[in-house]
Amino acid sequence: MSNHTLDIPRIRKDFPILEQEFGGNPLVYLDNAATTQRPEPVLETIIDFYHTANANVHRGIYALSEEATQRYETARHKAAEFIHTPDPRSIIFTKGTTDSINLVAYAWGRYHLGPGDEILITEMEHHSNIVPWQLVARDTGAALRYIPLKDDGTLDLSDPGRYFTPKTKLVCVIHQSNVFGTVNPVETIINYARQVGALVLLDGAQSVPHVDVNVQKLDCDFLAFSGHKMLGPTGVGVLYGKPELLEAMEPYQGGGEMISTVTMKSSTWNTIPYKFEAGTPNIAQAIGLGAAMDYINAIGKDNLHRYEQTLLTYALEKLGNVDGLVIHGSAPDRGPVVSFSVDRVHPHDLAQFLDQDGIAIRAGHHCAQPIMHYLKVSATTRASFYVYNTTEEIDFLCESIEKARKFF
Ligand code: C6P
């Protein structure tokens, strides 16, 4: 069944955390959509930065600070290459996807939207791509509209004219669902948005870690993603924005580094991307994210995608054969995420039961409560995979679920 070329046992050796045991079993980590683990080269890069180059960036006129700045800016170049933008000025280091989306909501939404305008999102969004827009709508008088969900976990795009209208000013859409795994047809959505002159923000939190996202080919206006979901550190993420848009935007936060001049009366702004990086940035984390991107590039995005699809196909088949288990969503194009319910077993009880076997999965609403309302459940159980997972782990997951069913 194997149609990938990766040496998975070798790759697993790079992740020391996987050697730990829980409940007498080796850790089976299947909560990668929440956060991935970090490989040695990422950990070493961070430690090396603190050992040999730690200083503040863009401020010191001494060699150590120049070295820190050079490593930080190299990470920016790596991020630019990773999503295929030729212009590193379009890469803003943020805290993560949530922070990136809020940046656009505050620095673009609040200045460009008003009564009569519409922000279009979907019923599939993570709370990070709902709540900031509810706040913008409340504060500006713009309306928030939703593209509806269908039973198979895809979006209902059968009547685009109903949602994409001349009133639509901004379309914000999740690229890959963190609940169903559905990969949305973002090319089509961007095309609809262009026809009505709207901007498009893609939430790439679950796509950028798994597939090659090319902002030039897609021609999206903004893309948000998090480092910690792609083998990088917590506390760092990226907002990509088209330079001309970023240049025209107001700052998000005020403070050091984002200014050009400050008088007691007023200030002028630094150039992009620094206009949006107020205060001391997450220097080591950004450098660590650069190392995570190197690691993924060394694996090869195509190899990663192929291997994850192998795992997904295996998991869908195996889980689908577990009695009383229902998989939510059946999109033809999906990433390595499977949400399910098991009859008579609450997701939280199931997660606790699996934990006794050393299996880490997520149970809850996955910060996507509109989806839970649609499914008429309060929570689901979710297994999500990354490059170090194996089909043996999926077998073990299924055995443990069978045991849980008997127990409850
Ligand atoms: N989803 C999950 O378990 P942050 O927390 O800012 O790094 O990412 C937020 C976020 C935004 N969009 C999508 C599609 C996401 O999946 C997430 C994070 C995690 O599904 C934590 S709730």
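As a starting point, this report considers the structure included with it. Computed from a prediction, not measured in an experiment: that's the story for all the values here. (Residues numbered from 1 in each chain as written. Predicted model: local features only at pLDDT ≥ 70, side-chain atom pairs only at ≥ 80, totals over all residues. Heavy atoms only, no water.)

Description of the overall build of the protein
Next up, step 1: Counting its secondary structure elements, the protein contains 14 helices and 17 strands.
Next up, step 2: Projected onto its principal axes, the C-alpha coordinates of the protein cover approximately 70 × 55 × 35 Å.
Next up, step 3: By residue count, 57% of the 408 residues in the protein fall in the buried class.
Next up, step 4: With the model as given, the accessible surface of the protein reaches about 16700 Å², and the carbon-plus-sulfur share is 52%. (Helix = DSSP H or I, 4+ residues; strand = E, 2+ residues; numbered from the N terminus. Buried < 20%, exposed > 50% of the residue type's maximum accessible area, 1.4 Å probe, protein only. Areas by Shrake-Rupley, 256 points an atom, 1.4 Å probe, with all protein chains shown as cover.)

Concerning the state of the cysteines
Next up, step 1: Enumeration according to the criterion identifies zero disulfides in this entry.
Next up, step 2: Unpaired in this structure, Cys 220 has its nearest cysteine sulfur neighbour in Cys 172, at a distance of 12 Å. (Disulfide = S-S within 2.5 Å.)

A look at the packing of aromatic side chains
Next up, step 1: One pass over the full model with this rule turns up ten aromatic pairs.
Next up, step 2: Look at Tyr 72 and Phe 93: their rings are 5.3 Å apart centre to centre, the planes differ by 50°, and that puts the pair in the tilted class. Within this pair, whereas Tyr 72 is found in helix 3 (residues 63-82), its partner Phe 93 is found in strand 4 (residues 91-94), the two being separated by 21 residues in sequence. In this pair, the class of Tyr 72 matches that of Phe 93, namely buried.
Next up, step 3: Ring geometry for Phe 353 against Phe 407: centres 5.5 Å apart, planes inclined by 45°, an arrangement best described as tilted. With Phe 353 in helix 12 (residues 347-356) and Phe 407 in helix 14 (residues 391-407), this residue pair connects regions lying 54 residues apart in the sequence.
Next up, step 4: Exposure remark for Phe 407: the relative accessible area of 60% places this residue in the exposed category.
Next up, step 5: Three or more aromatic residues joined by ring pairs form one cluster here, namely Phe 15, Tyr 295, Tyr 386 and Tyr 388.
Next up, step 6: When the ring centre of Tyr 106 is taken as origin, the NZ or CZ atom of Arg 110, which lies over that ring, is 4.0 Å away.
Next up, step 7: Its end group placed over the ring of Phe 82, Lys 301 keeps NZ or CZ at 3.7 Å from the ring centre. (Phe/Tyr/Trp six-rings, centres within 6.5 Å; stacked < 30°, edge-to-face > 60°. Lys NZ or Arg CZ within 6 Å of the ring centre and 35° of its normal.)

Digging into the pattern of salt bridges
Next up, step 1: Evaluated as defined, the whole model comprises 22 salt bridges.
Next up, step 2: Note that Arg 89 is salt-bridged to Glu 247, the shortest N-O span being 2.9 Å. A residue pair is termed long-range when its members are at least 10 positions apart, and Arg 89 in the loop between helix 3 and strand 4 and Glu 247 in helix 9 (residues 243-248) qualify at 158 residues.
Next up, step 3: Among the ionic pairs, Asp 139 bridges to Arg 138, the shortest N-O distance being 2.9 Å.
Next up, step 4: The exposure class assigned to Asp 139 is partly exposed, which follows from its relative accessible area of 42%.
Next up, step 5: Accessibility expressed as a relative area gives 61% for Arg 138, which makes it exposed. (Salt bridge = Lys/Arg side-chain N within 4 Å of Asp/Glu carboxyl O.)

Section: the pairing of strand 6 (residues 143-147)
Two faces, one strand: in a regular strand the side chains alternate between the faces of the sheet.
Next up, step 1: Sheet analysis places strand 5 (residues 118-122) next to strand 6, joined by five bridges and oriented parallel. Counted as the bridge partner of Leu 120 is Arg 145 from strand 6.
Next up, step 2: Note on the crossover from strand 5 through helix 5 (residues 131-140) to strand 6: the handedness is right-handed. (Pairing = 2+ DSSP bridges. Right-handed = clockwise from strand over helix to strand, strands pointing away.)

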